[in-house]
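Survey of secondary and tertiary structure
Chain by chain, the residues run as shown.
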Amino acid sequence: MAYTITDRKTLVGARYCSVDNRIAAQLKFINKTGQEETCYVFRNQEKFSFDEDIEKQGVVVTLWNTQKLVFALARDK
């Protein structure tokens, strides 16, 4: 079952996973162009702030954080 959460993304799956030995939520989306995107959400333990895009091996990862959570949205370029 899929859930449309905005006009731009549809949630198609979710599970727990590990990111750098941290428990994280992994959310799979399909965007309006049909491209798959994966969002990882985990606890911000370092207490630092960042907003940036990283590109590596054809994957773009957008990172941002709140005071308590880190978000990483990954998609093919």
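Scroll up to find the structure this text is about.
Attention here is on the structure that accompanies the text. For clarity, every value in this text was computed on a predicted model and none was experimentally measured. (Residues numbered from 1 in each chain as written. Predicted model: local features only at pLDDT ≥ 70, side-chain atom pairs only at ≥ 80, totals over all residues. Heavy atoms only, no water.)

**A closer look at the overall build of the protein**
Secondary structure summary: the protein contains zero helices and seven strands in total. The secondary structure elements of the protein, listed N-terminal to C-terminal, are β-β-β-β-β-β-β. Here the protein, with 77 residues, has 29% of them falling under the buried criterion. A fraction of 23% describes how many contacts in the protein between residues 6 or more apart in sequence connect residues 24 or more apart. Here the protein has roughly 5700 Å² of accessible surface; of this, 52% comes from carbon and sulfur atoms. (Helix = DSSP H or I, 4+ residues; strand = E, 2+ residues; numbered from the N terminus. Buried < 20%, exposed > 50% of the residue type's maximum accessible area, 1.4 Å probe, protein only. Contact = heavy atoms within 4.5 Å. Areas by Shrake-Rupley, 256 points an atom, 1.4 Å probe, with all protein chains shown as cover.)

**As for unusual backbone geometry**
The phi torsion at Asn21 lies on the positive side, around 65°, for a residue other than glycine. With respect to the element layout, Asn21 can be found in the loop between strand 2 (9-19) and strand 3 (22-31). For Asn21, a relative accessible area of 76% corresponds to the exposed category.

**Things to note about the nonpolar core**
Within the largest apolar cluster, five residues are counted, these being Phe29, Cys39, Val41, Phe71 and Leu73. Of all the secondary-structure elements, those providing two or more residues to this core are strand 4 (36-43) and strand 7 (69-76). (Core = buried A, V, L, I, M, F, W, Y, C linked by side-chain atoms within 4.5 Å.)

**Some details on the packing of aromatic side chains**
Inspection of every chain in the model, using the stated rule, returns one aromatic pair. A centroid spacing of 5.2 Å and a plane angle of 5° characterise the contact between Trp64 and Phe71, whose relative ring orientation is stacked. (Phe/Tyr/Trp six-rings, centres within 6.5 Å; stacked < 30°, edge-to-face > 60°.)

**Overview of the pairing of strand 2**
The pairing of strand 2 with strand 3 spans 10 bridges and is antiparallel. Residue pairing across strands places Gly13 opposite Lys28, the latter belonging to strand 3. Counting the residues that bridge the hairpin from strand 2 to strand 3 gives two residues, and of these Asp20 lies at a positive phi of roughly 50°. (Pairing = 2+ DSSP bridges.)

**Remarks on the environment of Val19**
You can see Val19 is positioned in strand 2. With residues near it in sequence (within four places) discarded, Val19 still touches Ala24, Tyr40 and Phe42.

**Remarks on the pattern of salt bridges**
The tally for this structure, following the rule as stated, stands at three salt bridges. With a closest N to O distance of 2.7 Å, Glu37 and Lys9 form a salt bridge. A residue pair is termed long-range when its members are at least 10 positions apart, and Glu37 in strand 4 and Lys9 in strand 2 qualify at 28 residues. A residue is classified by how much of its surface remains accessible, and Glu37, at 5% relative accessible area, is buried. A salt bridge links Glu55 to Lys77, with the shortest nitrogen-to-oxygen separation between them at 3.2 Å. Here the residue Glu55 occupies a position in strand 5 (residues 51-56), and Lys77 occupies one in the segment after strand 7, the gap between them amounting to 22 residues. For Glu55, a relative accessible area of 48% gives the class partly exposed. (Salt bridge = Lys/Arg side-chain N within 4 Å of Asp/Glu carboxyl O.)

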